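# Fold and contact review
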Amino acid sequence: MTTTTWSRLYDAHVDEIAPRLSSFSRRILLTLFRLPGPISSGAAPPPHCRGAAPPAGREQQRRPHQLRTKVDHSFPKPSSAHGMTRRRRLPSPAPPPPLEDDDLVAEILRRLPPLPSSLPRASLVCGRWRRLVSDPGFLRGFRAHHRKAPLLGIFHEDTDAEDADSISIRFTSALESPDRIPASRFPVPVENPDSCYIIGSRHGRVLFIHRSRWRYLMWEPLTGGQQFVPFPPAFDCVTNHVSGGAIVCAASDESHVHGACHSAPFQVILLGCNRELVFACIYSSETGEWGNLNSIPWPLNTGSVSSFAEWSSILVGNSICWMLMGSKAAIISFDLDRQNLDVVQVPPDVYDPIALFSLDHNYLITPTDDGGLGLLFVSACDYNIRLWKRKTDCYGVAGWVLQNTVELNNHLLSLRPEVVDNDMPLLVMGLAEEDSLIFLLAYGAIFMVHVESAQFKKFPQSMHYCRCHPFTSFYTAG
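About the thresholds
Residues numbered from 1 in each chain as written. Predicted model: local features only at pLDDT ≥ 70, side-chain atom pairs only at ≥ 80, totals over all residues. Heavy atoms only, no water. Helix = DSSP H or I, 4+ residues; strand = E, 2+ residues; numbered from the N terminus. Buried < 20%, exposed > 50% of the residue type's maximum accessible area, 1.4 Å probe, protein only. Contact = heavy atoms within 4.5 Å. Areas by Shrake-Rupley, 256 points an atom, 1.4 Å probe, with all protein chains shown as cover. Phe/Tyr/Trp six-rings, centres within 6.5 Å; stacked < 30°, edge-to-face > 60°. Lys NZ or Arg CZ within 6 Å of the ring centre and 35° of its normal. Pairing = 2+ DSSP bridges. Axes fitted to C-alpha atoms, helices over the stretch in contact; angles between N-to-C directions. Salt bridge = Lys/Arg side-chain N within 4 Å of Asp/Glu carboxyl O. Core = buried A, V, L, I, M, F, W, Y, C linked by side-chain atoms within 4.5 Å. Arc of directions from axis to C-beta. Polar contact = N/O pair within 3.5 Å; in protein donor to acceptor, adjacent residues only side chain to side chain. pLDDT = per-residue confidence, 0-100.

The next thing to look at is the overall build of the chain. In terms of regular secondary structure, the chain is built from nine helices and 25 strands. Within the chain, the proportion of its 478 residues that are buried is 43%. Considering only contacts in the chain between residues 6 or more positions apart, those separated by 24 or more positions represent 52%. Working note: accessible area of the chain is about 26000 Å², and carbon and sulfur atoms make up 52% of it.

Structural data, given as structure tokens:
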């Protein structure tokens, strides 16, 4: 095999074998494949050129220039003196070690759990990691990878155990250390909770209603940003009464992930009523104006005693739903795209006003696992939860179907204290719509109960009677 043949063989496979060889091995191969002296014969080098002893009586047959030929095993230099007419291909540079590749490290860090301590602790490893996790592009990818913001805790109105008339609004973390967020991190911007109270929390924002000043207050706990939204002129709180409201993120970007919406526009949905009609309209932060007023006739019998449950503003699909309860019950649905109101009747033979007023029954709207409309019926007598789901049959007729029953007695009794008031009711305090979690007051403590799996968790801090407004957001501060 000629030198040219050896060189072609090496060149054909250099990209495959070079990364696997040490510098010493590459030098040996280059020496073997690129002999510096030309060989006139096309045959393979004789055995004695490969280290074998020359056969006796052959030295005198060699020509003078062949006797003087000596194989130089040193590293060949790329010069024309060695007869190299083609440029030698250098081996491909070896890839950097895995932890030196910023893209690979960023991809690993994106898979950390979306808990408050994950990224701050990763930033302490080194300066390069700190630079990676603080990059805005990395944070967008981190949120896009997880898609759903974690439940950080609840905002709630709490009454003082010693003074029942004293009401305070504060934050309570739902996480354990090191992810627990102190209440001082989210100071509530309300001086007088008697006239300004929470009516909802969604997409990283909290909505208050200020009845004495006829306006809403939008608050972003992560940034501290605030914005007042006056009621429409038609609502004087006398003739037309404001019954509630809701807040949603209005980001139109399909890649937007809810949970870091402080830079995105928002909408406030007003719910009101009078003796004959139910009203709803939308305020847009982009235009700074209220839209058209939409109304439907009062869905229940005229003169019936009914009111909207203040914590039942639930986002189901693209509609905001409220529960209207009293002597009768109905669900009011407001479509955000079409901006129209609709009435949905509750399951038959489920609603009992007497049991509601005696705190034996609780009702709560919830989205189902497939994004449909559901209704939770919580029985304090039987200690169970029944989930009703609204479905449409093959004829296009919508109706309610009992989907699941969760027995709480076997689960919560394990936490029952030795001394407990037997008359203490089982009350629903709120709902985390994106996590299928309900907040129950039982045995003097607040429990988070997953509707479908019946798994539960007791809040780490003791709380008195309160209405719970879950707060979900991506929290990456140190």
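Turning next to the side chain of S473. Relative to the assigned elements, S473 resides in the segment after β25 (466-472). Residues contacting S473, with those up to four places away along its chain left out, are A149, P150, L152, G204, L222 and G259.

What follows is about the packing of aromatic side chains. Under the counting rule described, the total for this entry stands at 16 aromatic pairs. Ring geometry for F186 versus Y475: centroids 6.2 Å apart, planes at 90°, classification edge-to-face. Of this pair, F186 sits in the loop between β2 (167-173) and β3 (196-202) while Y475 sits in the segment after β25, and the two are 289 residues apart along the sequence. Like F186, the residue Y475 is buried in the burial classification. Grouping aromatic residues by their ring pairs yields a cluster made of F155, F171, F186, F208, W219, F471 and Y475. Lying across the ring of F228, R215 places its NZ or CZ 3.6 Å from the centre.

On to the sheet that holds strand β18 (residues 373-379), then. Within the open sheet, the four strands sit side by side as β17-β18-β19-β20. Their pairing is antiparallel. In this open sheet, the two edge strands, each paired with only one partner strand, are β17 (361-367) and β20 (398-407). If you compare each strand with its neighbour and ignore which way they point, the axes differ by 25° on average. Judged from the seven bridges that link them, β17 and β18 form a sheet pairing that is antiparallel. Looking at the pairing, H361 lines up with S379 of β18.

Strands sit in the order β3-β4-β5-β6 across an open sheet of four strands; the sheet is antiparallel. With one partner strand each, in any of the chains shown, β3 and β6 (226-230) form the two edges of the open sheet. If you compare each strand with its neighbour and ignore which way they point, the axes differ by 25° on average. Inspection of the sheet shows β3 paired to strand β4 (residues 205-210) by six bridges, in the antiparallel sense. Bridged to Y197 within β4 is I209.

The next subject is unusual backbone geometry. The omega torsion of the bond from S177 to P178 falls at 10°, within 30 degrees of zero and hence cis. You can see P178 is positioned in the loop between β2 and β3. Despite not being glycine, H203 shows a phi value in the positive range, around 55°. Within the element layout of this structure, H203 appears in the loop between β3 and β4. Here S436, not a glycine, exhibits a phi torsion of approximately 55°, which is positive. Locating S436 in the fold gives a position in the loop between β21 (427-432) and β22 (437-442).

So, about the pattern of salt bridges. What the rule picks out here adds up to 11 salt bridges. Across the salt bridge formed by E107 and R111, the nearest N and O atoms sit 2.6 Å from each other. Given a relative accessible area of 35%, E107 falls into the partly exposed group. Classification of R111 by relative accessible area gives partly exposed; the value is 48%. Across the salt bridge formed by D335 and R338, the nearest N and O atoms sit 3.6 Å from each other. On the basis of relative accessible area, R338 is assigned to the exposed category, the value being 63%.

Turning our eyes to something else, we now look at the pairing of β17. In terms of burial, β17 is a largely internal element, seven of the seven residues being buried. Residues of β17 alternate between two faces, with H361, Y363, I365 and P367 on one and N362, L364 and T366 on the opposite face, all of them buried. Hairpin connection, β17 to β18: the antiparallel pair is bridged by five residues, and G371 has positive phi, about 85°.

This brings us to the nonpolar core. By size, the foremost hydrophobic cluster in this structure holds 40 residues, and its most contacted members are M323, I331, I438 and L440. Of all hydrophobic cores here, the second largest spans 20 residues; its members include V248, L271, I320 and L336.

Okay, helix α4 (residues 102-109) next. Within α4, the full set of buried residues consists of V105, A106 and L109. Buried residues along α4 cover an arc of 100° about the axis, so they all sit on one side. Here the buried face of α4 lies against α5 (118-122), α6 (127-133) and α7 (136-146). Sitting at the amino-terminal end of α4 is D101, which places a side-chain oxygen 3.1 Å from the backbone nitrogen of D103.

The subject of this paragraph is the pairing of strand β11 (residues 294-297). Strand residues, when the strand is regular, have side chains that alternate between the two faces of the sheet. Side chains of β11 alternate between two faces, with N294 and I296 buried and S295 and P297 left unburied. Across four bridges, the pairing between strand β9 (residues 277-284) and β11 is antiparallel. In the sheet register, F279 faces β11, and the bridge partner there is S295.

Interpreting fine coordinate detail is not advised for predicted regions of low pLDDT. Confidence in the prediction of the chain, expressed as mean pLDDT, is 76, and 69% of residues score 70 or more. In the model of the chain, helix α3 (residues 64-67) stands out as the element of lowest mean pLDDT, 47, in contrast to α5, which has the highest, 93. Across residues 31-53, confidence stays below pLDDT 50; counting only partners more than four residues off in sequence or on other chains, it has 28 contacts. Low confidence marks residues 57-62, where pLDDT is under 50. Its contacts with residues over four positions away, or in another chain, come to five contacts.

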